[in-house]
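Reading the structure
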Amino acid sequence: MRSKLVAGNWKMHGGTIQNRELLNAIIAGTEELGEGGVAVFVPYPYLSQSQSILQKTHVSWGAQNVSQHDKGAYTGEVSAGMLMDFGCRYVIIGHSERRALYGEDSHTVALKFKAAQAAGLIPVLCIGETLDQREAVITEQVVAEQLDAVIELAGINALADSVLAYEPVWAIGTGKTATPEQAQDVHGFIRDRIAASNPEVAAELKVLYGGSVKASNAAELFAMPDIDGGLIGGASLIADEFIAICNAARN
């Protein structure tokens, strides 16, 4: 039985005072979930603060992006080794905003995935389609291409030490949400595709749903057989809302 994971992606939000209040509320409100069930992904400048507050608690932390390079003349970039220095357990790889706004293609995402694992991080690999792609009925083709790029570079067994997040781009920050059945269809496709190469990896792999998850729809989404939690955006910045989503995963 796969355990659930609820991961909060703060994106470019935060401040030292607000962060402290939010993190302390999350610690107190999700204590019954135990180790490994909750994670937050904070902007780079707040990794030290997050480490200070969250160490020795049940809440894990990570970064929202990482360079594919170990070191060098890459102004503004952050390596996986640097993230390890701040106690990160996870890093988001290939978020739709990185793909759309910063031109990260599937090969670059695969390189970042491999670099993260080489340093000891657990990559949270994001895959998903745009509204145009869904309406063109090529969701499975798009998701397969994004997933296969990582498998071809890192190998199918590398997925055993990762988390996947299916994020329909048309349902991020738009107020639209895939129905539980729509989300399950894609999650099932992802798991079946992996199972064709390695059934054991597919059976154990956590596949999160990321697309306007709220306290009001979390329980219904998390009840689907192939949805193992959520990658939460805006709702992760509101303590009561995020805690309610975490509790929906527990139930």
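The residue numbering used here restarts from 1 in each chain and proceeds along that chain's sequence as written. A pLDDT threshold of at least 70 governs which residues receive local features in this predicted model, and a stricter bar of 80 or more applies before side-chain atom pairs are shown or counted, although totals over entire chains, interfaces and linings include all residues. Side-chain measures were taken over the full set of non-hydrogen atoms in the model, leaving aside hydrogen atoms and water.

Take the packing of aromatic side chains next. Ring pairs shown here join Phe, Tyr and Trp side chains whose ring centres sit within 6.5 Å, with only the six-membered ring taken for Trp; geometry is labelled stacked below 30 degrees between planes, edge-to-face above 60, and tilted in between. All chains considered together, the criterion is met by two aromatic pairs. With 6.1 Å between their ring centres and 50° between their planes, Phe41 and Tyr90 make a pair best called tilted. Taken as a pair, Phe41 in strand E2 (residues 38–41) and Tyr90 in strand E4 (residues 90–93) lie far apart in primary sequence, 49 residues in all. Grouping residues by exposure puts Phe41 and Tyr90 together as buried. Looking at Arg98, its charged tip hangs above the ring of Tyr102, at a distance of 4.2 Å from the centre. Secondary structure elements follow DSSP: runs of H or I of four or more residues count as helices, runs of E of two or more count as strands, with numbering from the N terminus. Burial classes: relative accessible area under 20% of the type maximum marks a residue as buried, over 50% as exposed, and values in between as partly exposed (1.4 Å probe, protein chains only). Charge over a ring is defined by NZ of Lys or CZ of Arg lying within 6 Å of the ring centre and within 35 degrees of the ring normal.

Quick look at helix H10 (residues 215–222) now. Along H10, the residues classified as buried are Asn217, Ala218, Leu221 and Phe222. Taken around the axis of H10, the buried residues stretch over an arc of 130°, which confines them to a single face. Taken together, the buried residues of H10 touch strand E1 (5–9), helix H8 (180–195), strand E7 (207–209), strand E8 (229–232) and helix H11 (239–250). As used here, the arc is the angular range of directions from the helix axis to the C-beta atoms. In what follows, residue pairs with any heavy atoms lying within 4.5 Å of each other are defined as contacts.

Salt bridge criterion: a side-chain nitrogen from Lys or Arg within 4 Å of a carboxyl oxygen from Asp or Glu. One pass over the full model with this rule turns up ten salt bridges. With its nearest N and O atoms 2.8 Å apart, the salt bridge here joins Glu97 to Lys11. With Glu97 in helix H4 (residues 96–102) and Lys11 in the loop between E1 and helix H1 (16–29), the pair connects residues that are 86 residues apart, well separated along the chain. The partly exposed category is assigned to Glu97, whose relative accessible area is 29%. Among the salt bridges present, the one from Arg191 reaches Asp226, with a minimum N-O distance of 2.6 Å. With Arg191 in helix H8 and Asp226 in the loop between H10 and E8, the pair connects residues that are 35 residues apart, well separated along the chain.

Owing to its 3.6 residues per turn, the α-helix brings residues three or four apart onto one side. Expected span of a helix, by definition, is 1.5 Å for each gap between consecutive residues, and there is one gap fewer than residues. Helix length check: H11, at twelve residues, gives a terminal C-alpha distance of 17 Å against a target of 16 Å (1.5 Å per residue), a fit within 8%. Of all the residues in H11, the buried ones are Ala239, Phe242, Ile243, Ile245, Cys246, Ala248 and Ala249. Packed against the buried residues of H11 are E1, H1, E2, H10 and E8.

A word on the environment of Val201. Following the sequence through the fold, Val201 ends up in helix H9 (residues 199–204). Look at Val201 and you get buried, because its relative accessible area is 8%. Taking the C-alpha atoms as reference, Val201 lies 25 Å from Val59; in sequence the two are 142 residues apart. The residues contacting Val201, other than those within four sequence positions of it, are Ile156, Asn157, Leu159, Ala160 and Ile194.

With respect to burial, E1 is a largely interior element, five of its five residues being buried. Residues Leu5, Ala7 and Asn9 line one face of E1 and the alternating positions Val6 and Gly8 line the opposite face, and both faces are buried. Between any two strands, at least two bridges found by DSSP are needed for them to pair. Both E1 and E8 contribute to a ladder of four bridges, which runs parallel. In the strand pairing of E8, Val6 is matched with Gly230. Of the strand pairs in this sheet, E1 and E2 are connected by four bridges, and their pairing is parallel. Looking across to E2, one finds that Asn9 is bridged to Phe41. Handedness is read with the strands pointing away from the viewer; a crossover is right-handed when the path from the first strand over the helix to the second is clockwise. Considered for its hand, the β-α-β crossover made up of E1, H1 and E2 is right-handed.

Next up on the list: the layout of surface pockets. Put simply, the grid is 1 Å and covers the protein atoms alone, a cavity is a trapped set of points that fit a 1.4 Å probe, a pocket is an open set with protein on both sides within 12 Å along at least five of seven lines, and lining residues have an atom within 4 Å of a point. Grid points are joined across faces, edges and corners, and a volume is the space filled by probe spheres set on the points. Put simply, the largest pocket is a space of about 520 Å³. As for the largest pocket, its lining consists of 19 residues, of which Lys11, Met12, Gln64, Arg98 and Tyr102 are closest to the centre. Among the elements that line the lining of the largest pocket, the one with the most residues is H4, at four residues. Residue classes follow a fixed rule: Ala, Val, Leu, Ile, Met, Phe, Trp, Tyr, Cys and Pro count as nonpolar, while Asp, Glu, Lys and Arg count as charged, and any other residue, Gly among them, counts as polar. Residues that form the lining of the largest pocket fall into these classes: nine nonpolar, six polar and four charged.

Between helix H7 (residues 139–154) and H8, the least distance of the axes is 11 Å, while the angle of their chain directions is 45°. One element, H7, and the other, H8, form an angle in the oblique class. Crossing geometry of H7 relative to H8 is assigned as right-handed. Residues Thr139, Glu140, Val143, Ala144, Leu147 and Asp148 of H7 touch H8, and the partners they reach there are Val186, Phe189, Ile190, Arg193 and Ile194. When its residues are assigned to classes, the contact of H7 with H8 shows seven nonpolar, one polar and three charged. Here, axes are lines fitted to C-alpha atoms. For helices the fit covers the stretch in contact, and angles between N-to-C directions go from 0 to 180 degrees. The labels follow the angle: roughly parallel below 35 degrees, roughly antiparallel above 145, roughly perpendicular from 65 to 115, and oblique for the rest. Should the near helix be turned anticlockwise from the far one by less than a right angle, the crossing is left-handed, and should it be turned clockwise, the crossing is right-handed.

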